[in-house]
Each structure stands twice: as C-alpha cells, then as structure tokens.
Amino acid sequence: MILSKEEITLKKIALCVKTLREEYHITLSEFYIDTGIHLARIEQGKTNITIATLQKICDYFNITLSDFFMMLEEI
C-alpha cells in the first residue's frame, strides 16, 4: 500500500503528538479531561486535525507551532 503525501503528513503529525504526550507522561484520558480533545484517532493518523486543534495541543505542551513543525521535519 502506497501512502499519499497527505497520509504521510498525518502519520508524522500523529507520531509527534504521541511522542509529546508520552514524554510528558500524560495518558489519553488525562489529556481529554484537561482539553476536551480526543487524541486516540489523531495519534493513529486517522483524522485530519485543524490548525486550531493543533494549536491547542501545542499550548497544552507549552510549545509553539513552529516548534511542533520543526519536530515534524526531524521525522
């Protein structure tokens, strides 16, 4: 199965989000309680998130969108 550029990008975003969450030792449930955002589908790369949602995720982990996209480029 060959992935499209969009699917590859979603998988990279998913990996970055999951990595951040694990580095902070936050469970999916804790994240949901704190933000109201369900990360499970995002972390599986099965949903296309908005920039607004990504900003909320970055705010939660106290990083900028620029930091996030720099992480994305390193994958």
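Report follows, based on the coordinates. The model shown is predicted, which means the values in this text are computed figures rather than measured ones.

Calculation criteria
- Residues numbered from 1 in each chain as written.
- Predicted model: local features only at pLDDT ≥ 70, side-chain atom pairs only at ≥ 80, totals over all residues.
- Heavy atoms only, no water.
- Helix = DSSP H or I, 4+ residues; strand = E, 2+ residues; numbered from the N terminus.
- Expected span 1.5 Å × (residues − 1).
- Buried < 20%, exposed > 50% of the residue type's maximum accessible area, 1.4 Å probe, protein only.
- Arc of directions from axis to C-beta.
- Core = buried A, V, L, I, M, F, W, Y, C linked by side-chain atoms within 4.5 Å.
- Patch = residues over 30% accessible without salt bridge, like charges linked within 9 Å, V, L, I, M, F, W, Y side chains within 5 Å.
- Areas by Shrake-Rupley, 256 points an atom, 1.4 Å probe, with all protein chains shown as cover.
- Salt bridge = Lys/Arg side-chain N within 4 Å of Asp/Glu carboxyl O.
- Contact = heavy atoms within 4.5 Å.

### Remarks on helix 1 (residues 5–23)
- The end-to-end C-alpha distance of helix 1 is 27 Å, a good match for the 27 Å that 19 residues give at a rise of 1.5 Å each.
- Along helix 1, the residues classified as buried are Leu10, Ile13, Ala14, Cys16, Val17, Leu20 and Arg21. For helix 1, the angular spread of the buried residues around the axis is 165°, confining them to a single face. Looking at helix 1, the residues exposed on the side facing more than 90 degrees away from the buried face are Lys5 and Glu23.
- His25 sits one or two residues past helix 1 and shows a positive phi near 55°.

### Concerning the nonpolar core
- With 17 residues, the main nonpolar core has Val17, Phe31, Leu39, Ile42, Ile57 and Phe68 as its most contacted residues.
- Counting residues per element, the ones that place at least two in this core are helix 1, helix 4 (51–60) and helix 5 (65–74).
- Per element, the largest residue contribution to this core is four residues, and it comes from helix 1.

### Points about a nonpolar patch on the surface
- Residues Met1, Leu3 and Ile8 make up a contiguous nonpolar surface patch of roughly 350 Å² in combined accessible area.
- With respect to the helices and strands, the residue Leu3 is situated in the segment before helix 1.

### Examining the pattern of salt bridges
- All chains considered together, the criterion is met by one salt bridge.
- Of the charged contacts in the structure, one is a salt bridge between Arg21 and Glu43, with a shortest N-O distance of 2.5 Å. Here the residue Arg21 occupies a position in helix 1, and Glu43 occupies one in helix 3 (residues 40–43), the gap between them amounting to 22 residues.
- Classification of Arg21 by relative accessible area gives buried; the value is 10%.

### So, the environment of Cys58
- Locating Cys58 in the fold gives a position in helix 4.
- Classification of Cys58 by relative accessible area gives buried; the value is 0%.
- For Cys58 and Leu28, which are 30 residues apart along the polypeptide, the C-alpha to C-alpha distance reads 15 Å.
- Apart from residues lying up to four places away in sequence, Cys58 is in contact with Ile63, Thr64, Leu65 and Phe68.

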